[in-house]
There are 2 protein chains.
Amino acid sequence: MAKEPIGIPRGTRDFGPGQMLLRNRVFKVVRETFEQFGFAPLETPAMENLSVLTGKYGDEGEQLIYKVLNSGDFLSQVKPEDVSGGYKSLTRKVSEKALRYDLTVPLARYVVMNRNVLTFPFRRYQMQPVWRADRPSFGRYREFYQCDADVVGTKSLICEVEIMQMICKVLHQLDVPDFVIKINHRKILAGLAAFCGAPGREAEMSVSLDKLDKVEWEVVAAELSRKQFEDTFIETLAGLRTEPLRVDASEYQDLTLRLSANEAAAEGFSELNQIFALLTGFPEVRSRIRFDLNLARGLSYYTGPIFEVVPQGVRVGSISGGGRYDELTSVFGIEGIPGVGFSFGIDRICDLLQELGKTGDGAETPSQLLLVQFDAESVPFYLQTLARLRQAGICCELYPEAVKMKKQFSYADSKRIPFVLLAGEEEIRQEKFTIKTLGTGEQKLVSFDELVETLRQI
Amino acid sequence: MAKEPIGIPRGTRDFGPGQMLLRNRVFKVVRETFEQFGFAPLETPAMENLSVLTGKYGDEGEQLIYKVLNSGDFLSQVKPEDVSGGYKSLTRKVSEKALRYDLTVPLARYVVMNRNVLTFPFRRYQMQPVWRADRPSFGRYREFYQCDADVVGTKSLICEVEIMQMICKVLHQLDVPDFVIKINHRKILAGLAAFCGAPGREAEMSVSLDKLDKVEWEVVAAELSRKQFEDTFIETLAGLRTEPLRVDASEYQDLTLRLSANEAAAEGFSELNQIFALLTGFPEVRSRIRFDLNLARGLSYYTGPIFEVVPQGVRVGSISGGGRYDELTSVFGIEGIPGVGFSFGIDRICDLLQELGKTGDGAETPSQLLLVQFDAESVPFYLQTLARLRQAGICCELYPEAVKMKKQFSYADSKRIPFVLLAGEEEIRQEKFTIKTLGTGEQKLVSFDELVETLRQI
């Protein structure tokens, strides 16, 4: 067959063994932590009916949904003149399925479909890829994983407390030393808009405020001005700006007092303070929290506390975020199901570990040991040795051909297999093995039990 | 927003917590076994360039590939008159990406793209969903997982031996009591066709033979006749038919002798016998193997040993299969890369565990324990208790609201959480807990350490 040019779609990635071993470590920590907190796994199909996704992500989001062409004769309902109507109207005729854009709409869809059999509160986690036809750039991909955990069906703020604990537990296990959890409350943003003189306009205000982690205040002020916010509004807002605050800082108390004249803001602060109080017993979590009046989070469905996790001293941006919503399923016509959820950005976390140099030993294989093949006659003995090592939980392999030692060592070297095991005639007779540490070149003669001991120590 | 009818695409599935806990257990066993054997993880994008997938799966397969509509104005290259040309010619103009159909072509594509940096032999495993626009039916889905492991870049039959070992290790861990590994060799099929009088026609013969696990011999014979195989061919073939044979059965020796006059068949038997010899030290594996002259496996790229795993005494069909190929990457113009691979059908294995009643305790959550919330004042104490339990590796949760006990118990009951923990005023003062086993109703007063001990025992 003719040679074709090959590649992968722009904005997507292959994850080779080195990257996958890191990613699987992150997935494992996240999964185990979610499960320790009683979250149960859910998986939904990659393809959803287009009608389920339509109207959920705004006009801009809608453009980024990947549509799947109907199978078979997708033109069966299309007439030549339909082409002149433009691609948007034609989409519905040639495509009825689309790739999932996030994990929240599929969750809402699942909850609605199963609401009569599910027991609430429903604590679910979901770790699956999503697809967005976004312009690819540094850190922005067209296929990426989301790792969501939500508690659906309760207004209890204990859920927020547990989410903060999970975030800290995961990042602690991944050895991320320095990060803060920024927190705010949608009702405080409502109060803020009212306090500054534009009650009800918190959504518009928030969209602008949200940009403050990328642009200067002046840019945001100009945007607010273009949106017809009064100068006095912008001045008052500017006067309230602070760095993200520790929750025991006096500035936080001052801000609470100033804004709490507004009823919504007072409610918001009261809820945040309940969360902070419950975290008193967890200083390692509480000390990470910063109240950030500028934190807005784009998604409009949040109605309560909102938060975002930002690693410090690195270029990587927010690696996790979430918040409370009053209505998960109202887009599907079912009212009164509140909840709270958040998401880990696995791709960002892997970027962060890379930047922190915490990606492990760069191994390209799970194998801890390569058994050298001296001659084909000893293969039965080699296979027995491998079986015993694997029984002891050790990942290991035999070089599949009796080629030159040099080639076998260079194989181990390029895959970063830490140990090479030699069992020649002499060793086999003595029931001993020579184990060689590739990094140091050190080698010693050991019994099988000593071998297992050595491998377990690392 | 108006209520819409909602559902998921036909042939796809949501996996709720109960199913996911089972699936994750299977995935974990497979992953850990693959890694113990030194296979390294690989993940490729869900979407491949359409040109990468085209021409790889035959006409029938090609029809089953899901194409993704180009994002933005997918009609930009389409004129109204193009619609009259039919959907096949239009596909290339509106779609340049498609969902992966299997994991083998993506592996071949990855190997070709990375052949200058990869160290061979390359031992990789891959566990990801694939999509096929097939007609959905019992056990046949449009989205399903494949779990592949391949060794690329060696002709060593040790790989086949290790694959047999992995199959047995996984099924043993999943407590599948009764299964056989059917084995045959493409060269024996070539020899068989020649022996019966139609040299070179083994591919056509195999397609018909492949149906023998679903239809009677007469149906296959009629099909062969329609394909212009001579009556003497069909008679000779019929005379060689046997049940799948133990490899130490005298019938197997007889068959070897009869067919080995043909050079290709002799080579095939020689390779199989090398595999059987290497398995002598592993009777628990070797005793599962059955030589099956009728095993053909559809995929045409196999050139060496082929095998399939069939559970016994159940309705579920083959749960794993694979074989050796001489040319993985020649479809992309790169010659001389041989290998061997196989795949676990995770969905089939889960169906099998269901049929065997080995799906675990039916829990809908990983939580082993629900802590009852008596009153909001004790929440700080509850949170500390949970943190200590989780630190000890126990999955647990607090009911998030201080509602009636009955409601909390019924929550635990419907999620099949095995234990409920009570810590009232009296218990908190005594630093004790009341643990209740939901199944038996048994309850006892324990210290924290005794609590952990109890939970760890299950």
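Our subject in this report is the structure included herewith. (Residues numbered from 1 in each chain as written. Chains lettered and ligands numbered in written order. Predicted model: local features only at pLDDT ≥ 70, side-chain atom pairs only at ≥ 80, totals over all residues. Heavy atoms only, no water.)

Moving on: the pairing of strand E7 (residues 179–185) of chain B. All names here are of chain B. Within E7, seven of the seven residues are buried, which leaves it mostly tucked inside the rest of the structure. Side chains Phe179, Ile181, Ile183 and His185 project from E7 onto one buried face, and the interleaved Val180, Lys182 and Asn184 project onto a second face that is buried too. In this structure, E7 lies alongside strand E10 (residues 302–311), joined through seven bridges in antiparallel fashion. Bridge pairing in E10 links Phe179 to Pro311. The pairing of E7 with strand E9 (residues 289–291) spans three bridges and is parallel. Following the sheet pairing, Lys182 is matched in E9 by Arg290. (Buried < 20%, exposed > 50% of the residue type's maximum accessible area, 1.4 Å probe, protein only. Helix = DSSP H or I, 4+ residues; strand = E, 2+ residues; numbered from the N terminus. Pairing = 2+ DSSP bridges.)

Two residues of an α-helix separated by three or four positions point the same way, owing to the 3.6 residues in each turn. Residue and element names in this part refer to chain B. Helix length check: helix H6 (residues 158–173) (16 residues) gives 22 Å between terminal C-alpha atoms against 22 Å at 1.5 Å per residue, within 8%. Counting buried positions over the 16 residues of H6 gives 14, a clear majority of the element. Downstream of H6 by one or two residues, Asp175 has phi in the positive range, about 65°. (Expected span 1.5 Å × (residues − 1).)

Here the focus is the sheet that holds strand E5 (residues 122–131) of chain A. All names here are of chain A. Taken in spatial order, the nine strands line up as E1-E5-E6-E12-E11-E10-E7-E9-E8 in an open sheet, and their pairing is mixed. Looking at strand neighbours, the two that pair on one side only are strand E1 (40–41) and strand E8 (245–246), the edges of this open sheet. Sheet topology note: the E5/strand E6 (residues 143–152) ladder contains 10 bridges and is antiparallel. Counted as the bridge partner of Trp131 is Glu143 from E6. Its contacts with the sheet place helix H14 (residues 346–355) against E6, strand E10 (302–311) and strand E12 (339–344), and it is angled at close to 115° to E6. (Contact = heavy atoms within 4.5 Å. Axes fitted to C-alpha atoms, helices over the stretch in contact; angles between N-to-C directions.)

Our focus in this paragraph is the interface of chain A and chain B. With 117 residues of chain A at the interface, the matching set in chain B holds 117 residues. In this assembly, chain A packs against chain B so that about 9400 Å² is buried in total across both faces, 63% of it on carbon and sulfur atoms. Put simply, chain A and chain B have six salt bridges between them. For Arg109(A), the salt bridge identified is with Asp14(B), shortest N-O distance 2.6 Å. Viewed at the interface, chain B and chain A are joined by 30 residue pairs in polar contact (both at pLDDT 80 or more). With eight residues, helix H15 (residues 379–391) of chain A is the single largest residue contributor to the side of chain A that touches chain B. Its residues placed into classes, the side of chain A that touches chain B shows 61 nonpolar, 31 polar and 25 charged. (Buried area = accessible area lost by both parts, 1.4 Å probe. Salt bridge = Lys/Arg side-chain N within 4 Å of Asp/Glu carboxyl O. Polar contact = N/O pair within 3.5 Å; in protein donor to acceptor, adjacent residues only side chain to side chain. Nonpolar A, V, L, I, M, F, W, Y, C, P; charged D, E, K, R; others polar.)

Worth remembering: the numbers are spatial, not functional.
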